[in-house]
Amino acid sequence: APVMRHAIIAIEDSRFYQHGALDVHGTIRALTTTLSGAGTQGGSDIAQQFVKNACILTAPNTAQVAACSAETVARKLRELRIAANVMHEMSKNELLAAYLNAAYYENNSYGIQVASRFYFSTSASKLTLPEAAMLAVLVKIPLAFDPLLHPVASLTRRNVVLTRMAQLGYISWSVQA
């Protein structure tokens, strides 16, 4: 559903359609955080997050999964290089669809269709605004925002997604009320 694309862009990469192969601003922020020793800043942009998710999904063993998630500058730079290549091979809409289909939404739900069925018993194409916002929440830290285990945290974060969607003009303020 378009509302799902808007929800994920709003909370994960609000400049998705504006930046080129890499979000220079987000990449510098992420590398600075990693180099400072404060941990990794995440995948920075949707292309980098897709590369990380695809690496995890195709890893043949737990050691490879760990390598795909290692908090190192080497991993981050490898993701940047691969993400740049991906952006030259795919359109923005193709990348966004691939990202949504490779993302993990907790409870063994990989991909937006599986997550839509698991949480809301509907197809991804029929998600409502609140449902899409809730699924967008799960991409960041799935376990922490699992609505089955942490309903208050997930609802609070869902409202952050809705607020961000309104700020970006995807929805009007009255829709949230």
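Before reading on, note that the structure itself is shown above.
Not measured: the values here are computed from a predicted model. Within each chain, residues carry numbers counting from 1 in the order of the written sequence. Local features are withheld for residues below a pLDDT of 70 in this predicted model, meaning they are given only at 70 or higher, and side-chain atom pairs are given and counted only at 80 or more; totals for whole chains, interfaces and linings count all residues. For side-chain calculations, the full set of non-hydrogen atoms in the structure is used, while hydrogens and water are omitted.

Caption draft 1: Summary view of the packing of aromatic side chains. Here the aromatic set is Phe, Tyr and Trp, taking the six-membered ring for Trp, and pairing holds for ring centres within 6.5 Å; pairs whose planes are under 30 degrees apart are stacked, those over 60 apart are edge-to-face, and all others are tilted. Here the structure, examined in full by the defined rule, presents 4 aromatic pairs. Considering the side-chain rings of Phe-118 and Tyr-119, the 4.8 Å spacing of their centres and the 85 degrees angle between planes classify their relative orientation as edge-to-face. Here's how the labels work: a residue is buried when its accessible area is under 20% of the maximum for its type, exposed when over 50%, partly exposed in between, all with a 1.4 Å probe on protein chains only. Of the residues examined, Phe-118 reaches a relative accessible area of 40% and is grouped as partly exposed. Owing to a relative accessible area of 14%, Tyr-119 belongs among the buried residues under this scheme.

Caption draft 2: Molecular detail of the nonpolar core. If you look at the biggest cluster of nonpolar residues, it comprises 42 residues, and the most contacted ones within it are Met-4, Ile-8, Tyr-105, Leu-135 and Met-165. Secondary structure elements with two or more residues in this core: helix H1 (2-12), helix H3 (46-58), helix H5 (73-89), helix H6 (92-102), helix H7 (112-120), helix H8 (129-140) and helix H9 (151-167). Secondary structure counts use DSSP, requiring at least four H or I residues in a row for a helix and at least two E residues in a row for a strand, with both numbered from the N terminus. Ranked by residue count, the leading element in this core is H8, at 8 residues. We call two residues in contact when some of their heavy atoms are within 4.5 Å. Residues contacting Met-165, with those up to four places away along its chain left out, are Val-3, His-6, Ala-7, Ala-10, Leu-129, Tyr-170 and Ile-171. Put simply, a nonpolar core is a bunch of buried Ala, Val, Leu, Ile, Met, Phe, Trp, Tyr and Cys residues held in one set by side-chain atoms that sit within 4.5 Å of each other.

By themselves, these figures tell us nothing about what the structure is for.
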